[in-house]
Amino acid sequence: MIENELETAAAATGRVPCRRGRTVSLAPLDAEDAELMHAWRSDPVAAHEIGFWPRSLASLRERMERDSEAHDRDDFLVLLPDGTPIGHIALVDQDVVEGTAEVHLMLDPRHRGQSHGTDALDALTDLAFGELPMQRVQAVTHTTNTAALAVLAKAGFVSEGVRRSACLHRRRRFGVAVLSLLRAEPEALERPRSWDH
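Position labels on residues start from 1 in each chain and follow its written sequence. At least 70 in pLDDT is required for a residue's local features to be given in this predicted model, at least 80 for side-chain atom pairs to be given and counted, and no such filter applies to totals for whole chains, interfaces and linings, which use all residues. Neither water nor hydrogens contribute to the side-chain values; these are computed over all heavy atoms in the structure.

A. Quick look at the environment of Gly-161. Secondary structure counts use DSSP, requiring at least four H or I residues in a row for a helix and at least two E residues in a row for a strand, with both numbered from the N terminus. Structurally, Gly-161 is set in strand β7 (residues 158–169). Buried means the residue's accessible area, taken with a 1.4 Å probe over protein chains only, is under 20% of the maximum for its type, while exposed means over 50%, and partly exposed covers the values in between. Classification of Gly-161 by relative accessible area gives partly exposed; the value is 26%. Residues Gly-161 and Ala-177, 16 residues apart in the sequence, show an inter-C-alpha distance of 6.0 Å. Once residues within four sequence positions are removed from consideration, Gly-161 is found in contact with Val-176, Ala-177 and Val-178. Note on contacts: a residue pair is in contact if any heavy atoms of the two residues lie within 4.5 Å.

Right under this line is the structure:
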C-alpha cells in the first residue's frame, strides 16, 4: 500500500524516493530545497538542540550547493507517503577506509514525536550498513535533547559518553552526548529493512 502511495506522491511532487521506511521515505536533497531547510533551521528548538547558527537563505543555498558536490556525505529529505517533506537526514563525514560516518537528523516541529525520526534513522542506517561499507555510525546531540536521545536509543544507538561542557548556547555551556551504532548491532535487531518495504 505505501509503495502505491509513494509512486503517486512522486508523480505529483517530482520527488523520487530512493529509500523507504515503514512510514516515511527518503529522497535526495536538492539545492531548490533551501527555503524549506531555512525554515526548519530557523525553528528555535532546532537551533538550540541541534546547535545551528542562523544563516541567510543565500548562504544556506550556497552551502547546500557545495555539499551536493561532496563525496563524503549523502543528504535526503524525509517524506510522508503523500510526498510532503517533513525533515532532513544526512550521513556525513563518510570515511570508507575507516568505515565511519555521522548521522544528522532534523524534523519539522509539526511532525516530531510520531516515530518518523526513528523510521528515517532505520532507513539511513540500512544504507550505511547495507549498501556502504560503514562499520560505525555516530550521532552527537546536547545531553538535554531528550527527544533526540530517545529517537536514537529506539533506533539502536548506544551511548558512548558525554563530552562535558562542549557546546555554548545562549551563554550557557552544555554537554554533548556521543552515541553510536556498530554494523553488527542493527543486524541483530528484529525489524524490517528498508529494501523490504
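B. Looking closely at the pairing of strand β6 (residues 136–142). Along β6, five of the seven residues are buried, which leaves the element largely enclosed by surrounding structure. Two elements, strand β5 (residues 100–107) and β6, share three bridges in a ladder whose sense is parallel. Directly across from Thr-100, in β6, lies its bridge partner Arg-136. One crossover worth recording links β5 to the parallel β6 by way of helix α5 (residues 116–130), and it is right-handed. When DSSP finds at least two bridges between two strands, those strands are taken to pair. Here seven bridges tie β6 to strand β8 (residues 172–182), and the two strands are oriented antiparallel to one another. The residue of β8 that forms the bridge with Arg-136 is Leu-182. Handedness of a crossover: with both strands directed away from the viewer, a clockwise path from the first strand across the helix to the second marks it as right-handed.

C. Structural detail: the pattern of salt bridges. In the sections that follow, a salt bridge refers to a side-chain nitrogen of Lys or Arg positioned within 4 Å of a carboxyl oxygen of Asp or Glu. What the rule picks out here adds up to 10 salt bridges. Two residues, Asp-33 and Arg-15, come together in a salt bridge whose shortest N-O distance is 2.9 Å. A residue pair is termed long-range when its members are at least 10 positions apart, and Asp-33 in the loop between β2 (25–28) and α2 (34–41) and Arg-15 in the loop between α1 (2–13) and β1 (19–20) qualify at 18 residues. For Asp-33, a relative accessible area of 5% corresponds to the buried category. You can call Arg-15 partly exposed: its relative accessible area is 23%. The residue Glu-160 makes a salt bridge to Arg-136 at a minimum N-O spacing of 2.5 Å. In this pair, Glu-160 is assigned in strand β7 and Arg-136 in strand β6, connecting sequence segments 24 residues apart. Assessed through its relative accessible area of 45%, Glu-160 is described here as partly exposed. Here the residues in one salt-bridge network are Arg-63, Asp-67, Arg-73 and Asp-75, joined through shared partners.

D. Geometry of the nonpolar core. Counting residues in hydrophobic clusters, the biggest one holds 26 residues, and the most contacted among them are Ile-89, Val-103, Val-137 and Phe-157. Listed by contribution, the elements that provide at least two residues to this core are β3 (74–79), β4 (85–95), β5, α5, β6 and β8. Think of a nonpolar core as a cluster: buried Ala, Val, Leu, Ile, Met, Phe, Trp, Tyr and Cys residues, connected wherever their side-chain atoms sit within 4.5 Å. Listed in part, the 11 residues of the second largest apolar core include Leu-29, Trp-40, Leu-60 and Met-64.

E. Structural detail: the confidence of the model for the chain. For every residue, the pLDDT score states the predictor's confidence, bounded by 0 at the bottom and 100 at the top. Per-residue confidence for the chain gives a mean pLDDT of 85; residues scoring 70 or more make up 86%. Across the chain, the element-wise mean pLDDT spans from 49 in α1 up to 95 in β4. Here residues 8–12 is modelled with pLDDT under 50, and outside its nearest four sequence neighbours on either side it reaches seven contacts, counting other chains as well.

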